[in-house]
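The primary structure of each chain is shown beneath.
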Amino acid sequence: MATTKSFLILIFMILATTSSTFATLEEMVTVLSIDGGAIRGIIPGVILEFLEGQLQEIDNNTDARLADYFDVIGGTSTGGLLTAMITTPNENNRPFAAAKELVPFYFEHGPQIFNSSGRPIPGPRYNSRYLMQVIQEKLGETRLHQVLTEVVISGFDIKTNKPVIFTKSSLANSPELDAKMSDISYSTAAAPTYFAPHYFTTNTSNGDQYEFNLVDGGLAAGNPALLSISVATKLAEEDPAFASIRSLNYKKMLLLSLGTGTTSDFHRTYTAEEAARWGIPMWMTVIQNMTNAASSYMTDYYLSTAFQALDSQNNYLRVQENALTGTTTAWDDASVANMELLKQVGENLLKKPVSKDNPETYEEALKRFANLLSERKKLRANKASY
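Residues numbered from 1 in each chain as written. Predicted model: local features only at pLDDT ≥ 70, side-chain atom pairs only at ≥ 80, totals over all residues. Heavy atoms only, no water.

With that out of the way, let us pick up the UniProt feature "active site" (unreviewed entry) in the chain. On the UniProt side, "active site" (unreviewed entry) is annotated at positions that read Ser77 and Asp216 here. A maximum C-alpha distance of 5.9 Å among these annotated residues, which run over 140 residues, shows that they cluster at one spot. Structurally, Ser77 can be placed in the loop between strand 2 (72-75) and helix 3 (78-87). The class for Ser77 is buried, based on a relative accessible area of 7%. Once residues within four sequence positions are removed from consideration, Ser77 is found in contact with Gly36, Gly37, Thr188, Ala189 and Asp216. Tracing the sequence through the fold places Asp216 in the loop between strand 6 (209-215) and helix 7 (225-235). Relative accessible area serves as the criterion here: at 7%, Asp216 is assigned to the buried category. Those residues in contact with Asp216, other than ones at most four positions away along the chain, are Thr76, Ser77, Phe156, Ser187, Thr188, Ala190, Ala191 and Pro192. (UniProt positions renumbered as here; feature names shortened; annotations may be inferred. Helix = DSSP H or I, 4+ residues; strand = E, 2+ residues; numbered from the N terminus. Buried < 20%, exposed > 50% of the residue type's maximum accessible area, 1.4 Å probe, protein only. Contact = heavy atoms within 4.5 Å.)

Before going further, it helps to examine the environment of Thr329. For Thr329, the position within the fold is in the loop between strand 8 (316-319) and helix 10 (336-349). C-alpha separation for the pair Thr329 and Gly261, spaced 68 residues apart in sequence, amounts to 7.7 Å. The residues contacting Thr329, other than those within four sequence positions of it, are Arg40, Thr263 and Leu324.

On to helix 2 (residues 42-59). The end-to-end C-alpha distance of helix 2 is 26 Å, a good match for the 26 Å that 18 residues give at a rise of 1.5 Å each. Where burial is concerned, most of helix 2 is hidden: 13 out of the 18 residues are buried. Looking one or two places after helix 2, you find Asn60, whose phi comes out positive at around 50°. (Expected span 1.5 Å × (residues − 1).)

Our focus in this paragraph is the pattern of salt bridges. Here the structure, examined in full by the defined rule, presents 12 salt bridges. Linking Asp35 and Arg318 is a salt bridge whose minimum nitrogen-to-oxygen distance equals 2.7 Å. Note that Asp35 is positioned in the loop between strand 1 (29-34) and helix 2 and Arg318 in strand 8, a separation of 283 residues in sequence. For Asp35, a relative accessible area of 3% puts it in the buried group. Arg368 serves as the salt-bridge partner of Glu360, at 3.1 Å between the closest nitrogen and oxygen. According to the relative accessible area criterion, Glu360 is buried, its value standing at 18%. For Arg368, a relative accessible area of 25% gives the class partly exposed. (Salt bridge = Lys/Arg side-chain N within 4 Å of Asp/Glu carboxyl O.)

Now for empty space enclosed by the protein. By the definition in use, this model includes 1 cavity of 30 Å³ or more. A volume near 40 Å³ is recorded for the largest cavity. In terms of lining, the largest cavity is formed by Leu81, Met85, Phe96, Phe105, Ile135, Lys138 and Leu139. Every element with two or more residues in the lining of the largest cavity is listed here: helix 3 and helix 5 (129-139). Here the lining of the largest cavity takes 3 residues from helix 5, the largest share from any one element. Split by residue class, the lining of the largest cavity holds 6 nonpolar, no polar and 1 charged. (1 Å grid on protein atoms, 1.4 Å probe; cavity = no way out; pocket = protein on both sides within 12 Å on 5 of 7 lines; lining within 4 Å. Points joined across faces, edges and corners; volume = space filled by probe spheres on them. Nonpolar A, V, L, I, M, F, W, Y, C, P; charged D, E, K, R; others polar.)

This paragraph deals with the nonpolar core. Within the largest apolar cluster, 75 residues are counted, with the highest numbers of intra-cluster contacts made by Leu32, Phe70, Phe166, Phe195 and Leu256. Top element by residues in this core is helix 2. It accounts for 8 residues. Residues within four places of Phe70 in sequence aside, it is in contact with Thr30, Val31, Leu32, Leu51, Thr149, Leu256 and Leu373. (Core = buried A, V, L, I, M, F, W, Y, C linked by side-chain atoms within 4.5 Å.)

Throughout the structure, instances matching the rule amount to 13 aromatic pairs. Measuring from centroid to centroid gives 5.0 Å for Tyr210 and Phe212, while their planes differ by 55°, and the two rings are tilted. The class for Tyr210 is partly exposed, based on a relative accessible area of 32%. Connected via pairs of aromatic rings, a cluster forms that spans Phe114, Tyr126, Tyr194, Phe195 and Trp331. The cationic tip of Arg125 hangs over the ring face of Tyr194; the distance from NZ or CZ to the ring centre is 4.4 Å. The ring of Tyr69 has Lys377 lying over it, and the distance from NZ or CZ to the ring centre is 5.5 Å. (Phe/Tyr/Trp six-rings, centres within 6.5 Å; stacked < 30°, edge-to-face > 60°. Lys NZ or Arg CZ within 6 Å of the ring centre and 35° of its normal.)

What follows is about the layout of surface pockets. The volume enclosed by the second largest pocket comes to roughly 1000 Å³. Along the wall of the second largest pocket there are 28 residues; nearest its centre are Asp300, Asn322, Val354, Ser355 and Tyr362. If you tally residues by element for the lining of the second largest pocket, the top one is helix 9 (residues 280-309), at 6 residues. Considered class by class, the residues forming the lining of the second largest pocket number 8 nonpolar, 11 polar and 9 charged.

This brings us to the pairing of strand 7 (residues 253-258). Counting buried residues along strand 7, 6 of its 6 residues qualify, which places the element largely inside the surrounding structure. The side-chain alternation of strand 7 yields two buried faces, one formed by Met253, Leu255 and Ser257 and the other by Leu254, Leu256 and Leu258. As judged from the 6 bridges shared by strand 1 and strand 7, these two strands associate in the parallel manner. Across the sheet, Val29 pairs through a bridge with Met253, a residue of strand 7. Summarising the sheet, strand 7 and strand 8 pair through 4 bridges and their orientation is parallel. Looking across to strand 8, one finds that Leu258 is bridged to Val319. (Pairing = 2+ DSSP bridges.)

Here it is, written out as structure tokens:
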């Protein structure tokens with residue numbers, strides 16, 4: 001009798017634990033963040049293709065898309081362009097670009113985007129017309145309110161000297177942000193000295209004209225992971241689907257953050273003695289890479305610390321190559337040879353361990369994330385069907 005009673009108690013505990021686990025997973029808020037990095041966007045492109053392929057395999061659905069699984073997708077610069085490509089709907093109200101089409105996009109258009117012929121002198125390094133033309137052809141007249149999931153794409157307004165954050169959730173209070181996705185995408189990619197700033201207008205709630213004078217979103221957030229989480233948390237105040245992450249409850253969040261590579265694992269040849277002799281031109285050639293690497297590292301540091309403090313380190317995955325060398329360190333080397341190298345960097349990264357303390361490879365970690373994303377989507381669908 002005692003054995004039977006103990007067995008029943010054990011069964012009850014297992015069922016209660018399983019139910020609690022499912023409820024927790026169902027309530028999870030999922031966030032994808034993609035860094036800036038110009039042509040180095042090929043690296044996260046490879047990762048996104050692998051992840052979407054895993055989701056399609058798990059759910060036995062070749063039409064599965066990343067936008068079906070993530071509540072918030074944020075991107076800066078080339079990451080903002082990738083975000084737009086995987087969330088902007090086509091005529092069938094599905095993402096117009098599958099993840100497997102992202103890397104080929106760079107190979108097809110990169111050499112012309114980073115082509116200095118025909119550029120104005122004085123002016124930016126590259127002729128901006130081709131980039132704008134390609135983005136307009138791909139994204140058409142679609143506006144921010146039409147994207148398939150919440151997006152977070154940053155720009156910087158050089159006239160107001162303030163960042164501009166484009167999100168669907170902000171449109172009720174700031175309808176002037178409902179710009180064309182082509183304008184948003186070009187603006188976030190318009191890195192100073194590389195491409196021309198972008199001017200466009202929208203309308204306010206009163207019908208008045210509203211002006212934007214935007215450059216690269218990397219000035220606001222090179223690694224937009226914290227920004228993306230902030231938007232998700234703000235949504236928790238209004239949307240019941242996000243209520244579980246009020247007060248930044250990272251136990252209820254899955255965050256995948258994709259970098260475009262750094263050289264931080266290598267000691268550069270710069271020394272204090274050398275730098276003491278540098279003038280402005282030399283500093284200008286290195287300071288941007290230093291600033292971007294530092295910003296990206298610190299964002300990862302903050303997030304890692306926060307997730308670990310809540311014993312939720314498995315809910316956060318930062319996929320980053322820290323050992324770029326040679327031409328792969330450049331933002332604008334769109335030669336076929338270098339793009340092939342960047343693609344190889346992404347493929348090799350999948351086989352690397354997540355960290356010195358975590359032998360799990362990025363490939364294994366992404367498969368684990370894919371299973372969680374799939375299960376959570378199914379649980380939500382079952383709940384909605386009741």
